[in-house]
Amino acid sequence: MRIQHLTLAVCLASSLVASDLAAQRKLAPGALKIIQPEIDLRDVHSLPMPLPGLEVEPYQPATFPKTETLFSTTRQVVFFRDVWQYEFGFLGLRQLKIEATGPDGGDRVKNIWYLAYRVRNTGVAVSHDKVPDPRFGHVDHVINTAPGELDPNTLPGRFFPVFTLSGWVQDAATGTYQLVEYKDRVLPGVKELVAREEDPDETYLDTVQMVRQVLERFPADSGQGGTWGLAVWYNVDPAIDFVTVKVNGLTNAFRLERNPDGELDVIAKTLQLNFWRPGDRIDEDEDVVDYGIPLLDNSLDQSEIARRYRLPGPVIRGLHINPENLRKSVVFETDAELSPRNFESAVGAQLDAAQIAENVLEGFTGAGVTLGGDAAITTNIPGRSWTIKDTWENAPRQFLIELYPEFWEKTIDGGIRFIKRIDHLWVYE
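Keep in mind it's a predicted model, so treat the numbers as computed, not measured.

Cut-offs applied
- Residues numbered from 1 in each chain as written.
- Predicted model: local features only at pLDDT ≥ 70, side-chain atom pairs only at ≥ 80, totals over all residues.
- Heavy atoms only, no water.
- Patch = residues over 30% accessible without salt bridge, like charges linked within 9 Å, V, L, I, M, F, W, Y side chains within 5 Å.
- Areas by Shrake-Rupley, 256 points an atom, 1.4 Å probe, with all protein chains shown as cover.
- Salt bridge = Lys/Arg side-chain N within 4 Å of Asp/Glu carboxyl O.
- Lys, Arg positive; Asp, Glu negative; His and termini not counted.
- Charge placed at Lys NZ, Arg CZ, Asp CG, Glu CD.
- Buried < 20%, exposed > 50% of the residue type's maximum accessible area, 1.4 Å probe, protein only.
- Helix = DSSP H or I, 4+ residues; strand = E, 2+ residues; numbered from the N terminus.
- Pairing = 2+ DSSP bridges.
- Axes fitted to C-alpha atoms, helices over the stretch in contact; angles between N-to-C directions.
- Phe/Tyr/Trp six-rings, centres within 6.5 Å; stacked < 30°, edge-to-face > 60°.
- Lys NZ or Arg CZ within 6 Å of the ring centre and 35° of its normal.
- Contact = heavy atoms within 4.5 Å.
- Arc of directions from axis to C-beta.

1. Observations concerning a negative patch on the surface
On the surface, Glu257, Asp261, Glu263 and Asp265 cluster together into a negatively charged patch. We classify Asp261 as exposed; its relative accessible area is 66%.

2. Points about unusual backbone geometry
In the Ramachandran plot, Phe242 falls in the positive-phi region, its phi being about 50° despite a non-glycine side chain. Topologically, Phe242 is positioned in strand E11 (residues 241–248). Owing to a relative accessible area of 14%, Phe242 belongs among the buried residues under this scheme. With a phi close to 65°, Asn394 is a non-glycine residue in the positive phi region. Mapped onto the elements of the fold, Asn394 is located in the loop between strand E18 (385–392) and strand E19 (395–404).

3. A word on the sheet that holds strand E15 (residues 315–321)
The strand order E16-E15-E19-E18-E17 describes an open sheet built from five strands, whose pairing is antiparallel. Pairing within the sheet leaves two strands with one partner each, and these edge strands are strand E16 (328–335) and strand E17 (376–381). Pairwise comparison of adjacent strand axes, ignoring direction, gives a mean angle of 25° for this sheet. Sheet topology note: the E17/E18 ladder contains five bridges and is antiparallel.

4. Overview of the pattern of salt bridges
For the structure on display, the rule yields 13 salt bridges. Among the salt bridges present, the one from Glu87 reaches Arg118, with a minimum N-O distance of 3.0 Å. One end of the pair, Glu87, is in strand E4 (residues 87–101); the other, Arg118, is in strand E5 (residues 107–120), with 31 residues separating them in the sequence. The network of salt bridges with shared partners includes Arg42, Arg317 and Glu333.

5. What to know about the packing of aromatic side chains
The tally for this structure, following the rule as stated, stands at 14 aromatic pairs. Pairwise contacts between aromatic rings join Trp84, Tyr86, Phe88, Phe90, Tyr117, Phe159, Phe163, Phe275 and Tyr291 into one cluster. Over the aromatic face of Tyr177 sits the side chain of Arg308, whose NZ or CZ is 4.4 Å from the ring centroid. The cationic tip of Arg317 hangs over the ring face of Tyr404; the distance from NZ or CZ to the ring centre is 4.1 Å.

6. Some details on the environment of Gly366
Positionally, Gly366 belongs in helix H8 (residues 358–366). Between the C-alpha atoms of Gly366 and Pro48, which are 318 residues apart in sequence, the distance is 8.3 Å. When near neighbours in sequence (up to four residues on either side) are disregarded, Gly366 contacts Pro48, Met49, Pro50 and Arg258.

7. Examining the pairing of E15
Counted residue by residue, E15 has six buried out of seven residues, so it is predominantly covered. Sheet analysis places E15 next to E16, joined by seven bridges and oriented antiparallel. Across the sheet, the residue bridging to Ile316 is Thr334, located in E16. A loop of six residues connects E15 with E16, the two strands running antiparallel in sequence, and Leu326 in this loop sits at a positive phi of about 60°.

8. Details of helix H4 (residues 190–198)
The set of residues buried in H4 consists of Val190, Lys191, Val194, Ala195 and Glu198. For H4, the arc enclosing every buried residue in end-on projection is 135°, short of the 170-degree limit, so these residues lie on one face.

9. Side note on the side chain of Thr227
The topology assignment puts Thr227 in strand E10 (residues 227–234). Overall, the relative accessible area of 13% leaves Thr227 in the buried class. Once residues within four sequence positions are removed from consideration, Thr227 is found in contact with Tyr117, Arg118, Val119, Leu205, Met210, Gln213 and Leu215.

Here it is in structure tokens:
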């Protein structure tokens, strides 16, 4: 019993020393890939929509304008919220062989995938009353804020991580590819084995321990603070390639999206990290997993790679043009339905033909906008920009419809060009 107590005391002392050493540890430049917080203006508000759960019929009042009725004033409601986001850094996606106990009680050598990461609470947040009215501008403005814009007491100070590793595996019999997914797991003894590989003086928290950890705030430029954690995946198919790791819990940002049943779904802002490797079953732990995605000269092959990583394609964005000041306010966003073969938009083709595509009409309806019976479409730039004019409540209206590329777009020679970083990206799902 004395030996056990002595061992515990020595371990605690060693842990304190290790903590001090870890605080002084300097990593080689580029070893820790850091993703700074980015809060998009769209994270702070929703797009206009009818007030959910309210059923009211339109009518023409006799003593005041129709625009002041309950129906009219609840057609285009914008929801605001305060948003915070943590800084995330990681060392790389790696593999390691471990000994695990099988069903028969015997030891077996197993291969695991792991991601050693650091999360920091740098106080980056935006209060909805600190941003301009979203109805007076585009929604693609990114805000990198300084600490203190949001009351520190509203920051959670905790990280509730959910890590999902996914990728594609080719079926040996049919040659087709299948998407496979794995959830992070807590495995006894793995943290210590990883620490030997990465840094014996560092303490890595598993997912359960991370949830209990309070993240103290540190200024972003101080280089101080941060809590190290470990995500682990077990029984990953050794032939997996085109790998992504998705991280939930770094922000409270979300968006509201109508499903096919007309109901609102909450889709969370998620960090997606992209990796690739030549998948095989030989010496898995010796394979180098590269950060990013393969870049190819062949545009069709590159398009297929983009599809494997589920990179969001261009969207169709509808904006209302204020007739008094010509300011544009976003009404809706919808999928451009771009073909992976010729990079042409099915929605754009319909608009070019002066036809309102179904998902464009659904976008208007979902935002509480009913197009007048005299709605007419004019093409400004084929495949890229259109104008819709109609009359509503005896007043002329004008909408601008644009094809907006998010991460990649078609080039003049028919190829594909990436316009944003694609080693990591923020997605909503």
